[in-house]
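A structural walkthrough
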Amino acid sequence: MTTSQYDNERTGAYLNETTLTPRNVNPQQFGKLFTMKVDGDVYAQPLFLTSVDIPGKGRHDVVFIATEHDSVYAFDAYGNPLTPLWQVSFLKDGSSTIPAYAVQCPFIVPEVGITSTPVIDAKSGTLYVLARSEQTHLLARNDIHQHLHALAVTTGVEKFGGPVEISATVKGRGTGNVNGSVTFDPLAENPRASLLLSNGAVYLTWASSCDVGPYHGWVMAYDAQTLKQKAVFNTSPDADDSGIWASDTGPAADKDGNVFVATGNGRFDVAKDGRDFGDSLVKLNGQSLRPVDYFAPFNAAELDANDNDLGSGGPMLLPDQAGPHPHLAVIGGKAPVIYVLDRDHLGRYHAGSNLNAVQTIGTVGGIYGSMAYWNHHVYVLSDSDALRDYEVKNGRLTEKAASSFKFADHAATPTVSANDDKDGIVWVMSSKGWNSADRTAVLHACDASNIGHELYNSNQNAARDQAGKALRFNIPTVVNGHVYVGAKKEVDVYGLLPVKR
């Protein structure tokens, strides 16, 4: 588990789970084992690496946790010991995290530090982290910084001459341009989407905080060994907005190294020979970050006007399928619609209808996050709805089942655990809505072959299993018989309970 949602296609499936099955995940045998306490809120999905040699502490399976207090932790995955194997803080030389009031957005409070899920290069033993900070408590924009860090997984020590400060400028007439150049603003640009590592490059993306502008959608590629910037793409060089939100999921990459990003509200004028990709799924060349192809809904202008971002969700690339469209991508946004697309020919723009899509499926609510795929099934939980199961056959999705529970005021990104093609379980976190009161997170597990059968939820024995205070968009990590759940200043760990003798 070295990247958000397990793989670069963002399928959200861990296929080597031999311990947890639909037969033993129940309130009698499964529950909360322990809690990893940290110094800040955990929005980033916990990552996992097996058999890491920690100097002076032996070999451990390690869980890596990043916090909004600009810290990164390495913990033994099984709580032996419960104290961190190492911890690093990026708050040095008088720097601090960014207070929520400085970004004028109450969604991440009280501080903004590390939000996006890091990524690990297991071969080089490197953990890449994108962190935000301010040098002083003065709110001048030039005091705000964003840095890409490359840490040794064994010690947390910086590698490759890092960290490097994020900066970029592109030619354009967009909002905020100076003499025909648009420059990256480290205060306005908020990185929520996870990092991506593909073909020797680390990819970073940005939107804003609460639509506070002016801002633009940005994609940047950095060499994974030198941390030198390789390429930059701006989604709205002659306009504004068009952020890459993804609700804490991430950009996807195919086997050819192409990168797929979904944008939110903003001007769409590419069909008229413009350069602004509002409410689009954009396929980028992984080396140059030049657009190769795209899909935009026929009503992109209406989506923009009504705050119905396509980019509230992240793309998922399906494994090869039978039928006329072997290479599918799915993306959903606030509309509420799931778009099934042929990623070899995304369809671009078709005035008056979405005939350029392979299929469109209406959902109960908007999609804030992404979906999961297992065994020719796609699992999705849209806003204020149940978890739903769609069978994939001949390039089309057909709804088969729904969970017995619904989430009242938010959506979620599912995770699947399975032993290859058997013993599938769909896991999902109930967190909080954008304006809901504080509450605890709730972990749910459903039989992937019959999601109407809820196997477990952490409220069934709340005295034993209650999770921490809920944040937004958290994605559970399932690996090696354990489930890791990010929350406010902690990660709760679930697994099979000790057998009473």
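Read on for an overview of the structure. Keep in mind that what you see is a predicted model, and the values were worked out from it rather than measured.

Attention shifts here to the state of the cysteines. All chains considered together, the criterion is met by 1 disulfide. Between the sulfur atoms of Cys 105 and its disulfide partner Cys 210 the distance amounts to 1.9 Å. Taking the sign of the torsion about the S-S bond as the criterion, the disulfide between Cys 105 and Cys 210, at about 60°, is right-handed. Here the residue Cys 105 occupies a position in the loop between helix H1 (100-103) and strand E8 (111-112), and Cys 210 occupies one in the loop between strand E17 (201-208) and strand E18 (218-223), the gap between them amounting to 105 residues.

A few words now on the nonpolar core. Grouped together as the largest cluster of nonpolar side chains are 55 residues, with contacts concentrated most on Phe 64 and Trp 427. When neighbours within four sequence positions are excluded, Phe 64 is seen to be in contact with Pro 46, Leu 47, Leu 49, Tyr 73, Ala 74, Trp 86, Ile 120, Leu 127 and Val 153.

To find leftover empty space, a probe the size of one water molecule is rolled over the atoms. Applying the stated rule across the entire model yields 3 cavities of 30 Å³ or more. One number sums up the size of the second largest cavity: a volume of about 50 Å³. For the second largest cavity, the full set of lining residues is Ala 44, Gln 45, Pro 46, Phe 64, Ile 65, Ala 66, Val 72, Pro 118, Leu 127 and Val 129. Every element with two or more residues in the lining of the second largest cavity is listed here: strand E4 (58-66) and strand E10 (126-134). When residues of the lining of the second largest cavity are assigned to their parent elements, the largest contribution, 3 residues, is made by E4. Its residues assigned to classes, the lining of the second largest cavity comprises 9 nonpolar, 1 polar and no charged.

Calculation notes
- Residues numbered from 1 in each chain as written.
- Predicted model: local features only at pLDDT ≥ 70, side-chain atom pairs only at ≥ 80, totals over all residues.
- Heavy atoms only, no water.
- Disulfide = S-S within 2.5 Å.
- Helix = DSSP H or I, 4+ residues; strand = E, 2+ residues; numbered from the N terminus.
- Core = buried A, V, L, I, M, F, W, Y, C linked by side-chain atoms within 4.5 Å.
- Buried < 20%, exposed > 50% of the residue type's maximum accessible area, 1.4 Å probe, protein only.
- Contact = heavy atoms within 4.5 Å.
- 1 Å grid on protein atoms, 1.4 Å probe; cavity = no way out; pocket = protein on both sides within 12 Å on 5 of 7 lines; lining within 4 Å.
- Points joined across faces, edges and corners; volume = space filled by probe spheres on them.
- Nonpolar A, V, L, I, M, F, W, Y, C, P; charged D, E, K, R; others polar.

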